[in-house]
Amino acid sequence: MIDAVLPTYARQPIEVARGEGCWLEATDGRRYLDFGAGIAVNSLGHAHPHLVKALTEQAGKVWHTSNLYRIPGQERLAERLVEATFADTVFFTNSGAEAMECAIKMARKFQSFAGNPERDRIVTFTGSFHGRTLATISAAGNAKYTDGFGPLLPGFDHVAFGDHDALTAAVTNETAAVILEPVQGEGGVRPVPPQCLRGLRELCDARGALLIFDEVQCGYGRTGRLFAHEWAGIAPDIMAAAKGIGGGFPLGACLATEAAASGMTAGSHGSTYGGNPLAMAVGEAVLDVMLAEGFLPRVSEAAGRLRQRLEGVVSAYPDVIEGVRGEGLLLGLKCAAPNVAVIAAARDAGLLLVGAAENVARVLPPLIVSDAEIDEGAARLEAACEAVRRAAAA
Ligand SMILES: *Cc1c(COP(=O)(O)O)cnc(C)c1O
């Protein structure tokens, strides 16, 4: 008989009871160091006091009004995001996929509004992930997610990740936009080098295509800057953010320049819940913490320590883990053993990791992770590697 919960997830055998900081406690009392952070969502860990206060205070005022009325928290958060980024305007959503849907619609609308309706194609990359709606699985074009769900949304041209010649050929006078994750997350933690981001910006400008970054996973402080593309010194025209933006409250955003958003007039797009007062209160609280002096530099410092510790584990267990890749606190362990075996052994050692493509185990701790927790995580990973090695020898 089918489970009452639609069985679309192969779930780990952990029943979560509560969380605090980087730690999760199961109903059986076991404590786990959470280096999955809800897939890069719990950017400030679990039950952060500033977020709890913001949410509970707002809960006593008003939960929902719809976007038929002005929502002061929405205006404040949008203004703060505009102030902190390349963007001039923000549309709030409830998820990353919806932020990407808005980005895709906005790019097509921009071109038709500008008198170029023939520019309706969008270039994307293999290994990318943009969400699970029909448009976003069509955009990524990964058979693992599209199989059986056709017909897909037409208009996407998929280019092999890292193939510069194919990319140059793919961006034509029918291209509305190019969509890229500055660091591929689900695809196996693959960073795009800064010079490639700059080259892509030039290519888009030269060909009249918009540049869309999907920073749903790599953005919001994870690489040590508010957004990962900032390291390359360039900016997109449109960008999707989500995951870390709400610290665990469902929230996403599509940010854009005034020019890119020019077709999005009243009535052109909408969302019942997007920008809801509860989400806005939490979103503002997340930003309070993340933009506080010293927060982002500390992420880089923690990332340096974590990487060094993980490299240490790799050199002791090269038969289990081949190497470490990624940026900041978006790291991937390229496994020699099956990544599912490493993740299961880590879980048994009290450390939560997340799988990714290319046999990678992602290490995505909350951005507030302490030095002691980093060292503890590395020790638990070492214990997991020892168990995987023993099992292989048995
Ligand atoms: C998770 C993710 C999405 C989809 O976000 P949802 O909130 O699950 O819809 C889109 N893009 C990237 C890069 C992601 O990592």
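Cut-offs and rules
- Residues numbered from 1 in each chain as written.
- Predicted model: local features only at pLDDT ≥ 70, side-chain atom pairs only at ≥ 80, totals over all residues.
- Heavy atoms only, no water.
- Helix = DSSP H or I, 4+ residues; strand = E, 2+ residues; numbered from the N terminus.
- Rg over C-alpha atoms; globule rule 2.2 N^0.38 Å.
- Buried < 20%, exposed > 50% of the residue type's maximum accessible area, 1.4 Å probe, protein only.
- Contact = heavy atoms within 4.5 Å.
- Areas by Shrake-Rupley, 256 points an atom, 1.4 Å probe, with all protein chains shown as cover.
- Lys, Arg positive; Asp, Glu negative; His and termini not counted.
- Charge placed at Lys NZ, Arg CZ, Asp CG, Glu CD.
- Domains from an automatic or database assignment.
- Buried area = accessible area lost by both parts, 1.4 Å probe.
- Core = buried A, V, L, I, M, F, W, Y, C linked by side-chain atoms within 4.5 Å.
- Near = heavy atom within 4 Å.
- Polar contact = N/O pair within 3.5 Å; in protein donor to acceptor, adjacent residues only side chain to side chain.
- Nonpolar A, V, L, I, M, F, W, Y, C, P; charged D, E, K, R; others polar.
- Expected span 1.5 Å × (residues − 1).
- UniProt positions renumbered as here; feature names shortened; annotations may be inferred.
- 1 Å grid on protein atoms, 1.4 Å probe; cavity = no way out; pocket = protein on both sides within 12 Å on 5 of 7 lines; lining within 4 Å.
- Points joined across faces, edges and corners; volume = space filled by probe spheres on them.
- Pairing = 2+ DSSP bridges.
- Axes fitted to C-alpha atoms, helices over the stretch in contact; angles between N-to-C directions.

1. Section: the overall build of the chain
Inference 1: Counting secondary structure elements, the chain contains 12 helices and 17 strands.
Inference 2: Expected size for 394 residues packed as a compact globule is a radius of gyration near 21 Å; at 21 Å, the chain falls within 12% of this value.
Inference 3: For the C-alpha atoms alone, the extent of the chain along its principal axes is close to 65 × 55 × 50 Å.
Inference 4: Out of the 394 residues in the chain, the part that is buried amounts to 52%.
Inference 5: Look at the contacts in the chain between residues 6 or more apart in sequence, and 73% of them connect residues 24 or more apart.
Inference 6: Surface exposure of the chain reaches about 17300 Å², of which carbon and sulfur atoms provide 55%.
Inference 7: Of the charged side chains in the chain, 34 are positive and 45 negative; the average position of the first set lies 2 Å away from that of the second.

2. What about the domain arrangement of the chain?
Inference 1: By domain assignment, the chain separates into domain 1 (49-290) and domain 2 (294-328).
Inference 2: With centres defined by C-alpha atoms, the gap from domain 1 to domain 2 works out at 28 Å.
Inference 3: Tallying the contact residues gives 14 residues for domain 1 and 8 residues for domain 2.
Inference 4: A combined buried area of about 850 Å² lies between domain 1 and domain 2, and 64% of that area is made up of carbon and sulfur atoms.

3. Thoughts on the nonpolar core
Inference 1: Grouped together as the largest cluster of nonpolar side chains are 83 residues, with contacts concentrated most on Leu81, Phe92, Leu255, Met290, Leu333, Leu353 and Leu381.
Inference 2: Mapped onto the domain boundaries, this core takes at least three residues apiece from domain 1 (49-290) and domain 2 (294-328).
Inference 3: With 24 residues, the next largest nonpolar core counts Ala99, Ala107, Ala177 and Ala240 among its residues.

4. With respect to the site of the ligand
Inference 1: Every residue lining the ligand is accounted for by Ser95, Gly96, Ala97, Phe129, His130, Gly131, Glu181, Asp214, Val216, Gln217 and Lys243.
Inference 2: Ala97 has a polar backbone atom sitting 2.7 Å from an oxygen atom of the ligand.
Inference 3: Separating an oxygen atom of the ligand from a side-chain N or O atom of Lys243 is a distance of 2.6 Å.
Inference 4: Taken by itself the ligand offers 380 Å² of open surface, and the protein chains cover 82% of this.
Inference 5: Of the residues contributing to the shell around the ligand, the split by class is 3 nonpolar, 5 polar and 3 charged.

5. Some remarks on helix α9 (residues 277-290)
Inference 1: With 14 residues, α9 ought to run about 20 Å at 1.5 Å a step, and its terminal C-alpha atoms sit 20 Å apart, in line with that.
Inference 2: With 13 of 14 residues buried, α9 lies mostly within the body of the structure.
Inference 3: If you check the start of α9, you find a side-chain oxygen 2.8 Å away from the backbone N of Leu278, and it comes from Asn276.

6. Digging into the UniProt feature "binding site: pyridoxal 5'-phosphate" (unreviewed entry) in the chain
Inference 1: In this numbering, the UniProt entry assigns the feature "binding site: pyridoxal 5'-phosphate" (unreviewed entry) to Gly96, Ala97, Phe129, Asp214, Glu215, Val216, Gln217 and Thr272. With the annotated positions falling across 177 residues, the maximum pairwise C-alpha distance of 24.9 Å shows that they are not confined to a single cluster. The subset of these annotated residues that lines the largest cavity comprises Val216 and Gln217.
Inference 2: Looking at where Gly96 falls in the secondary structure, it is placed in helix α4 (residues 96-113).
Inference 3: Dropping the residues within four chain positions of it, Gly96 is found in contact with Val216 and Ala242.
Inference 4: When you line up the elements, Gln217 lands in the loop between β10 (210-214) and β11 (238-241).
Inference 5: By relative accessible area, Gln217 is classed as buried at 5%.
Inference 6: Ignoring anything within four residues of it in the chain, the contact list for Gln217 reads Ala40, Gly185, Glu186, Arg222, Lys243, Leu330, Arg362 and Leu364.

7. Section: the UniProt feature "modified residue: N6-(pyridoxal phosphate)lysine" (unreviewed entry) in the chain
Inference 1: As annotated by UniProt and renumbered to match this structure, "modified residue: N6-(pyridoxal phosphate)lysine" (unreviewed entry) occupies Lys243.
Inference 2: Structurally, the position occupied by Lys243 is in the loop between β11 and β12 (252-256).
Inference 3: Its relative accessible area of 19% is what places Lys243 among the buried residues.
Inference 4: With sequence-adjacent residues up to four places away left out, Lys243 is seen in contact with Ile39, Ala40, Val41, Val216, Gln217 and Leu251.

8. With respect to the environment of Ile368
Inference 1: Mapped onto the elements, Ile368 comes out in the loop between β17 (360-363) and α12 (371-393).
Inference 2: By relative accessible area, which is 31% here, Ile368 ends up partly exposed.
Inference 3: Measuring from C-alpha to C-alpha, the distance between Ile368 and Asn42 comes to 9.7 Å, with 326 residues separating the pair along the chain.

9. Describing the layout of surface pockets
Inference 1: Each pocket or cavity is described by its volume, and for the second largest pocket that value is around 460 Å³.
Inference 2: Around the second largest pocket, the lining comprises 21 residues; the ones closest to its centre are Gln74, Thr89, Val90, Phe91 and Phe92.
Inference 3: When residues of the lining of the second largest pocket are traced back to their parent elements, those giving at least two are α3 (72-84), β4 (89-93) and α4.
Inference 4: Here the element with the most residues in the lining of the second largest pocket is β4; it accounts for 4 residues.

10. Brief notes about the sheet that holds strand β7 (residues 175-180)
Inference 1: Read from one edge to the other, the open sheet built from 7 strands follows the order β4-β12-β11-β10-β7-β5-β6, with strand pairing classed as mixed. The sheet is open, and its two borders are formed by β4 and β6 (156-159), each paired with just one other strand. Looking at each pair of strands side by side, their axes are set apart by 20° on average, direction ignored.
Inference 2: Sheet topology note: the strand β5 (residues 121-125)/β6 ladder contains 4 bridges and is parallel. Across the sheet, residue Phe125 finds its bridge partner in β6, namely Val159.
Inference 3: Against the sheet, α4 contacts β4, β5, β6, β7, β10, β11 and β12, and its axis sits at roughly 180° relative to β10.

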